[in-house]
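# Topology and contacts: notes
Residue-level listing of the chains:
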Amino acid sequence: MKKYRINEIFYSLQGEGRHTGRAGVFLRFSGCNLHCPFCDTDFSEYTEMSIQDILNRIMRWKECGFIVLTGGEPSLQVDEDLINALHREGFYIAMETNGTRPVPTDIDWVTLSPKDCFLEHAPKLAAKKINEVKVVFDGVHDPTPYGKLGKGLYLNLQPCDTGDTTRNKEVTRQCVEYIKQHPQWHLSLQTHKLIQIP
């Protein structure tokens with residue numbers, strides 16, 4: 001029986017992107033194929049869980065009907081068996097991915113959060129299905145190429161949390177100015193951090 005390395009499972013509100021404010025179950029997978037300098041997730045601890053273990057943990061929140069597969073990089077572990085089990089229980093499945101690996105075709109909503117601009121030797125994009133793009137804006141790297149990935153995509157810029165209050169204010173100011181000059185982009189704030197929820 002396959003086991004998935006799960007960093008945490010919790011119920012909260014989606015804090016970023018198109019589904020901001022929506023109640024959902026968050027299934028955070030441990031591990032990533034990239035090492036981004038601003039990553040805020042500790043992957044050193046995880047629990048190995050079967051599909052049934054996962055279902056046992058999330059069914060108390062079934063009524064919300066929305067689950068977010070995140071990480072780390074969930075595409076390293078998510079497979080059709082897990083997707084089918086979640087769909088059978090009535091969940092609408094969203095996934096956030098760096099896009100460097102293929103994503104199962106039955107995911108309902110795919111958020112591409114590319115990180116290649118931050119890394120010297122990043123893999124090329126492999127995800128085919130994308131519903132929205134969420135680019136971490138640091139004031140240094142140009143997000144323009146990601147706005148050309150396809151028509152009909154929701155485009156979100158999210159100011160990078162650098163850990164420095166003064167720098168964060170400047171990055172946010174630059175992000176707002178970029179959006180004003182490129183109105184196809186929308187501002188995505190980490191609202192969960194702003195209101196201090198998980």
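Because the structure is a prediction, the values reported are computed rather than measured.

Per the secondary structure count, the chain includes four helices and nine strands. If you list the helices and strands of the chain from N to C, you get β-β-β-α-β-α-β-β-β-β-α-β-α. Relative to the compact-globule value of 16 Å for 198 residues, the chain shows a C-alpha radius of gyration of 17 Å, a close match. Each principal axis of the C-alpha distribution contributes one length, and for the chain these read about 50 × 35 × 30 Å. Sorting the 198 residues of the chain into buried and exposed places 47% on the buried side. Long-range pairs, those at least 24 residues apart, make up 60% of the contacts in the chain between residues at least 6 apart in sequence. Roughly 10,400 Å² of accessible area belongs to the chain as shown, and the carbon and sulfur atoms make up 49% of that amount.

Within the element layout of this structure, Tyr154 appears in strand 8 (residues 154-159). A relative accessible area of 33% means that Tyr154 is categorised as partly exposed. Note: C-alpha distance between Tyr154 and His186 (32 residues apart in sequence) is 8.1 Å. For Tyr154, the residues in contact, after removing those within four places along its chain, are Arg18, Trp109, Asn131, Glu132 and Val133. Here Arg18 takes part through its side chain, which lies 3.2 Å from a polar atom of the side chain of Tyr154.

Turning our eyes to something else, we now look at the pairing of strand 8. Of all six residues in strand 8, five are buried; the element is thus mostly enclosed. Of the pairings in the sheet, the one linking strand 7 (residues 132-137) to strand 8 comprises six bridges and is parallel in character. Each bridged residue has a counterpart across the sheet, and for Val136 the counterpart in strand 8 is Gln158. Where strand 8 and strand 9 (residues 185-187) come together, three bridges link them in parallel fashion.

Reading the values: rules and limits
Residues numbered from 1 in each chain as written. Predicted model: local features only at pLDDT ≥ 70, side-chain atom pairs only at ≥ 80, totals over all residues. Heavy atoms only, no water. Helix = DSSP H or I, 4+ residues; strand = E, 2+ residues; numbered from the N terminus. Rg over C-alpha atoms; globule rule 2.2 N^0.38 Å. Buried < 20%, exposed > 50% of the residue type's maximum accessible area, 1.4 Å probe, protein only. Contact = heavy atoms within 4.5 Å. Areas by Shrake-Rupley, 256 points an atom, 1.4 Å probe, with all protein chains shown as cover. Polar contact = N/O pair within 3.5 Å; in protein donor to acceptor, adjacent residues only side chain to side chain. Pairing = 2+ DSSP bridges.

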